[in-house]
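Architecture at a glance
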Amino acid sequence: MKKILLAALLISSGASAQTVWDIKTCIDYALEHNLTVKQRQNTVQLREIDVNTAEGRRLPNLNASASQNFSFGRGLAEDNTYVNANTTSTSFVLGTEIPIFNGFDITRGIKLSKLELAAATEDLEKARNDIRVSVAQAYIQVLYNKEILTVARNQVQRDSLQLVRITEMAKNSKASNSEVAAQQSILAQGRVSEVQAENSLRLSTLDLTQLLELTDPEGFDIVAPDASKLEPRLLPSPNDIYAAALDIRPEIRSQELRLDYAQLNILRAKGGYLPSLNLSGGLGSNYYTSSGIESKSFGGQINNNFSQYIGLSLNIPIFNRFSIRNQVRTAQVSFNNQELQLENVKKSLYKEIQQVYYNALASQAKMLSSKEAASSAEVAFLLTTGRYENGKADITEYNDAKNRYLEAESNYIRARYECLFQNSLVDFYQGKELNFCKDL
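Residues numbered from 1 in each chain as written. Predicted model: local features only at pLDDT ≥ 70, side-chain atom pairs only at ≥ 80, totals over all residues. Heavy atoms only, no water.

Considering the packing of helix α4 (residues 105–171) against helix α9 (residues 323–389)
Their axes nearest at 12 Å, the elements α4 and α9 cross at an angle of 15°. Classified by the angle their axes make, α4 and α9 are roughly parallel. By crossing handedness, the relation of α4 to α9 is classed as right-handed. Side by side, α4 and α9 meet where Gln155, Arg158, Gln162, Arg165 and Ile166 of the first sit next to Phe381, Thr385, Tyr388 and Glu389 of the second. Of the residues in the contact of α4 with α9, the class split is 3 nonpolar, 3 polar and 3 charged. (Axes fitted to C-alpha atoms, helices over the stretch in contact; angles between N-to-C directions. Helix = DSSP H or I, 4+ residues; strand = E, 2+ residues; numbered from the N terminus. Parallel < 35°, antiparallel > 145°, perpendicular 65-115°, else oblique. Left-handed = near helix turned anticlockwise from the far one by under 90°. Contact = heavy atoms within 4.5 Å. Nonpolar A, V, L, I, M, F, W, Y, C, P; charged D, E, K, R; others polar.)

Considerations on helix α6 (residues 238–248)
Of the residues making up α6, those classed as buried are Pro238, Ile241, Tyr242 and Ala245. Along the axis of α6, the buried positions cluster into a sector of 100°, meaning they face one direction only. Buried-residue contacts for α6 involve α9 and α10 (395–429). (Buried < 20%, exposed > 50% of the residue type's maximum accessible area, 1.4 Å probe, protein only. Arc of directions from axis to C-beta.)

Here's the deal with the side chain of glutamine 422
If you trace the backbone, glutamine 422 turns up in helix α10. The contacts of glutamine 422, once residues within four sequence positions are left out, are Val356, Asn359, Ala360 and Ser363.

Remarks on the packing of aromatic side chains
On inspection of all chains with the given rule, the structure shows 11 aromatic pairs. The interplanar angle of 85° and the centroid separation of 5.1 Å between the aromatic rings of phenylalanine 101 and phenylalanine 104 together place this pair among those described as edge-to-face. Residue classification places phenylalanine 101 among the partly exposed residues on the basis of a relative accessible area of 29%. Ring geometry for tyrosine 242 against tyrosine 350: centres 5.1 Å apart, planes inclined by 80°, an arrangement best described as edge-to-face. Remark: tyrosine 350 occurs in helix α9 and tyrosine 242 occurs in helix α6; sequence separation between them is 108 residues. For tyrosine 350, a relative accessible area of 25% gives the class partly exposed. Put simply, the rings of Phe381, Tyr388, Tyr398 and Tyr405 touch in pairs and so form one group of aromatic residues. (Phe/Tyr/Trp six-rings, centres within 6.5 Å; stacked < 30°, edge-to-face > 60°.)

A word on the sheet that holds strand β5 (residues 87–101)
Here we have 4 strands laid out as an open sheet, ordered β2-β5-β7-β8, and antiparallel in their pairing. Each having just a single partner strand, β2 (61–71) and β8 (307–315) make up the two edges of the open sheet. Within this sheet the neighbouring strands show an average axis-to-axis angle of 25°, counted without direction. (Pairing = 2+ DSSP bridges.)

Considering the packing of helix α7 (residues 250–270) against α9
Look at α7 against α9: their axes get within 8 Å of each other, and the N-to-C directions meet at 165°. Here α7 lies roughly antiparallel to α9, going by the angle between them. Crossing geometry of α7 relative to α9 is assigned as left-handed. Considering only residue class, the contact of α7 with α9 consists of 12 nonpolar, 8 polar and 6 charged.

Some remarks on the nonpolar core
Val135, Tyr139 and Leu208 are the most contacted members of the largest nonpolar core, which has 77 residues in total. Sorting the residues of this core by element identifies α2 (23–33), α3 (35–56), α4, α5 (177–211), β6 (220–222), α6, α9 and α10 as the ones contributing at least two each. In terms of residue count, α4 provides more of this core than any other element does, 21 residues in total. Beyond its immediate sequence surroundings of up to four residues, valine 135 is in contact with Ile23, Cys26, Ile27, Ala30, Leu208, Leu211 and Leu212. If you look at the next biggest cluster of nonpolar residues, it comprises 8 residues, including Ala269, Ala331, Phe335 and Leu342. (Core = buried A, V, L, I, M, F, W, Y, C linked by side-chain atoms within 4.5 Å.)

A word on unusual backbone geometry
For phenylalanine 104, which is not a glycine, the phi torsion comes out positive at approximately 65°. In this structure, phenylalanine 104 sits in the loop between β5 and α4. Phi is positive for glutamate 213, which is not a glycine, with a value near 65°. As for its position among the elements, glutamate 213 is in the loop between α5 and β6.

Side note on the pattern of salt bridges
Within the structure shown, the criterion is met by 19 salt bridges. Its salt-bridge partner being aspartate 105, residue arginine 57 comes within 2.8 Å of it at the nearest N-O pair. Of the two residues, arginine 57 is situated in the loop between α3 and β2 and aspartate 105 in helix α4; the sequence distance between them amounts to 48 residues. Between aspartate 159 and lysine 402 there is a salt bridge, with its nearest N and O atoms 3.4 Å apart. (Salt bridge = Lys/Arg side-chain N within 4 Å of Asp/Glu carboxyl O.)

Quick look at the confidence of the model for the protein
Mean pLDDT over the protein works out to 88, with 94% of the residues at or above the 70 mark. Low pLDDT, under 50, characterises residues 1–17; the stretch is placed with 12 contacts to residues that sit more than four places away or in other chains. (pLDDT = per-residue confidence, 0-100.)

Quick word on the pairing of β5
Bridge count between β2 and β5: 11 bridges; the pairing is antiparallel. Residue pairing for β5: alanine 66 is matched across the bridge by phenylalanine 92. By the bridge criterion, 14 bridges tie β5 to strand β7 (residues 276–290) in an arrangement that is antiparallel. What sits directly across from glutamate 97, in β7, is serine 280.

Thoughts on α3
Here α3 contains 22 residues, and its C-alpha end-to-end distance of 32 Å stays within 8% of the 32 Å for a straight helix at 1.5 Å per residue. For α3, every residue scored as buried is listed here: Val37, Val44, Val51 and Ala54. The buried side chains of α3 occupy one side of the element, clustering within an arc of 85° when seen end-on. Exposed residues on α3 whose side chains face more than 90 degrees from its buried face are Leu35, Gln39, Ile49 and Asn52. Where α3 is buried, its residues touch α2 and α4. Residue asparagine 34 occupies the N-cap position of α3, its side-chain oxygen lying 3.0 Å from the main-chain nitrogen of threonine 36. (Expected span 1.5 Å × (residues − 1). Polar contact = N/O pair within 3.5 Å; in protein donor to acceptor, adjacent residues only side chain to side chain.)

And the structure:
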């Protein structure tokens with residue numbers, strides 16, 4: 001199989017229009033180009049900005065301001081007395097404020113922002129997992145349709161040879177014209193099935209390339225794993241799979257992080273009951289003019305009126321119309337809801353794992369039974385073909401045996417790839433890579 005793959009890759013490298021992808025390449029490409037994943041990546045970047053903003057609240061601010069005022073009538077003059085004249089004043093202020101204590105709001109706000117970032121990162125990984133599974137499903141469907149097309153083409157070739165044989169027999173009066181016409185009808189039906197199989201393959205390939213965000217499916221082809229050697233295996237129990245999944249599945253981790261967020265948000269809301277203390281300071285100066293009164297120069301006034309200030313402000317909440325109390329209540333209800341959400345996600349995950357387990361179990365049994373059915377149908381078809389060629393079976397018996405064989409072969413092909421996919425899903429829920437081409 002490795003030699004076959006190497007030859008296929010060499011051929012594809014010589015033909016620029018042909019590209020052969022394995023499942024890992026498809027998944028990696030989809031993760032890089034899928035729009036949903038990109039949106040989740042943008043969300044993570046927004047949460048990183050939120051963390052930076054929250055951490056910036058610890059820093060002092062610095063603001064500069066300037067104002068121009070006009071007074072008519074009695075107004076303040078440059079010597080800090082009031083005069084009955086029209087006056088103008090220009091003020092310049094440079095000030096800062098430093099939070100000293102604010103009920104732990106800044107510290108808890110930073111922690112909350114980091115929890116949001118961590119949850120968004122887990123959501124991104126959940127989106128990646130969804131893409132991985134979707135690509136794997138589409139990949140398996142393409143493999144199945146390729147196999148069905150091969151079966152259909154082989155049958156058309158076999159029916160064509162039968163038509164040549166029947167035609168030669170009719171020329172020698174060993175077969176009737178009705179038998180020739182019947183064989184022509186069988187060949188025509190086979191070609192219809194071939195066309196349908198080709199169309200199914202095109203559509204499934206289109207679905208896969210669209211998941212990969214490729215603009216054109218032309219020249220796209222995939223590597224086929226050797227599913228013919230796939231054998232049933234002992235599966236871990238749903239409880240064992242679930243126990244492993246709880247520690248690694250991003251949908252669980254994101255909800256646990258949001259539960260931590262909700263719990264911390266209660267403490268942040270309770271911080272509203274605590275006093276806050278801020279330190280402020282600044283520099284300032286003023287320039288005045290009064291109508292009818294000679295004013296000192298601009299520079300002189302700015303120098304004379306230069307002032308500095310520093311101060312502490314303490315804010316003690318006494319009664320705030322129950323707003324803080326209701327914020328605490330709201331945070332508590334949100335925490336309770338998040339507990340229920342986490343439990344709901346865990347139950348959904350367990351249901352998914354149960355479905356995957358029983359689907360894998362059933363697919364293994366189906367693969368074995370369909371393999372036996374296909375083998376028996378093939379033997380019956382070959383025997384009927386021999387009887388038909390020797391004139392001991394009519395065209396109806398031959399056609400019935402062929403249809404039973406084709407159906408059994410189709411069921412076996414589907415069962416093999418379904419078993420391959422379901423077994424891979426069992427491994428995937430335990431944290432293993434979703435790559436059923438890795439042994440090629």
